[in-house]
Amino acid sequence: MVSLGGFNTLKLHKEFQYVYKKGKNQHTSSVVLFYLPQDGIRKVGFTATKKLGNAVKRNRAKRRMRACFCEFSPDLKDGIYIFVAKIALFDTSHENFKNDFKKVLYRAKTIA
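Residues numbered from 1 in each chain as written. Predicted model: local features only at pLDDT ≥ 70, side-chain atom pairs only at ≥ 80, totals over all residues. Heavy atoms only, no water.

Here the focus is the pattern of salt bridges. Here the idea is simple: oppositely charged side chains can pair when their charged atoms come close. Taken as a whole and assessed by the stated rule, the structure comprises 3 salt bridges. One salt bridge in this structure joins glutamate 15 and lysine 43, with 3.0 Å as the shortest N-O distance. One end of the pair, glutamate 15, is in helix α1 (residues 13–22); the other, lysine 43, is in strand β4 (residues 42–47), with 28 residues separating them in the sequence. Aspartate 78 is the salt-bridge partner of arginine 42, the closest N and O atoms lying 3.1 Å from each other. (Salt bridge = Lys/Arg side-chain N within 4 Å of Asp/Glu carboxyl O. Helix = DSSP H or I, 4+ residues; strand = E, 2+ residues; numbered from the N terminus.)

Here it is in structure tokens:
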């Protein structure tokens, strides 16, 4: 299992729903970030809807998001993060996706 930089994973549906309702969201062409600042809590979740395709494609999207998250996780503020994949994720190169990921984190002002 890949370490997520001290972040725990969200597992319960009600945790995801709470962040969707209370948190702020930011969009780029390939990823959406829902962020809820919380002192002392470091959690993250990754989702991909069935609109993206079959389970293989959804799992690949989540793996790509986790890989980018691991690169930026040491610099992130405390809080709850949910990353949602968009269909454009499959058409972008790794560098463009990494730039989108960084852009969404800066827009949400989550980089410490």
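The next subject is the packing of aromatic side chains. Here the structure, examined in full by the defined rule, presents 13 aromatic pairs. Between the aromatic rings of tyrosine 20 and phenylalanine 34, the centroid separation amounts to 4.8 Å while the plane-to-plane angle is 70°, which identifies the pairing as edge-to-face. Residue tyrosine 20 is found in helix α1, and its partner phenylalanine 34 is found in strand β3 (residues 31–36); the two are separated by 14 residues along the sequence. Given the relative accessible area of 28%, tyrosine 20 is considered partly exposed. Residues tyrosine 35 and tyrosine 81 carry aromatic rings whose centres are separated by 4.8 Å and whose planes lie at 40° to one another, so their mutual orientation is tilted. Residue tyrosine 35 is found in strand β3, and its partner tyrosine 81 is found in strand β5 (residues 79–85); the two are separated by 46 residues along the sequence. Of the two residues, tyrosine 35 and tyrosine 81, both sit in the buried class. Three or more aromatic residues joined by ring pairs make a cluster, and in this case those are Phe7, Tyr35, Phe46, Phe69, Phe72, Tyr81, Phe83, Phe97 and Phe101. Taking the ring centre of phenylalanine 97 as reference, the NZ or CZ of arginine 64 above it sits at 5.2 Å. (Phe/Tyr/Trp six-rings, centres within 6.5 Å; stacked < 30°, edge-to-face > 60°. Buried < 20%, exposed > 50% of the residue type's maximum accessible area, 1.4 Å probe, protein only. Lys NZ or Arg CZ within 6 Å of the ring centre and 35° of its normal.)

At their nearest, the axes of helix α2 (residues 55–72) and helix α3 (residues 94–107) sit 10 Å apart, and the two run at 60° to each other. With respect to α3, the axis of α2 lies oblique. Note that α2 runs across α3; the crossing there is right-handed. Side by side, α2 and α3 meet where Arg64, Met65, Cys68, Phe69, Glu71 and Phe72 of the first sit next to His94, Phe97, Lys98, Phe101, Lys102 and Leu105 of the second. Its residues assigned to classes, the contact of α2 with α3 shows 7 nonpolar, 1 polar and 4 charged. (Axes fitted to C-alpha atoms, helices over the stretch in contact; angles between N-to-C directions. Parallel < 35°, antiparallel > 145°, perpendicular 65-115°, else oblique. Left-handed = near helix turned anticlockwise from the far one by under 90°. Contact = heavy atoms within 4.5 Å. Nonpolar A, V, L, I, M, F, W, Y, C, P; charged D, E, K, R; others polar.)

A word on the side chain of threonine 47. Counting through the fold element by element, threonine 47 comes out in strand β4. In this structure threonine 47 comes out as buried when scored by relative accessible area, which is 18%. Contacts of threonine 47, omitting those with residues within four sequence positions, involve Phe16, Tyr20, Lys62, Met65, Phe83, Val84 and Ala85.

So, on to the nonpolar core. If you look at the biggest cluster of nonpolar residues, it comprises 24 residues, and the most contacted ones within it are Phe69, Tyr81, Phe83, Phe101 and Leu105. Contributions of two or more residues to this core are made by β3, β4, α2, β5 and α3. In terms of residues, this core owes the most to one element, α2, which gives 5 residues. If we skip the residues at most four places from it in the chain, phenylalanine 101 touches Met65, Cys68, Phe69, Phe72 and Phe83. Core analysis: the second largest hydrophobic core is formed by 9 residues, Val19, Leu36, Ile82 and Val84 among them. (Core = buried A, V, L, I, M, F, W, Y, C linked by side-chain atoms within 4.5 Å.)

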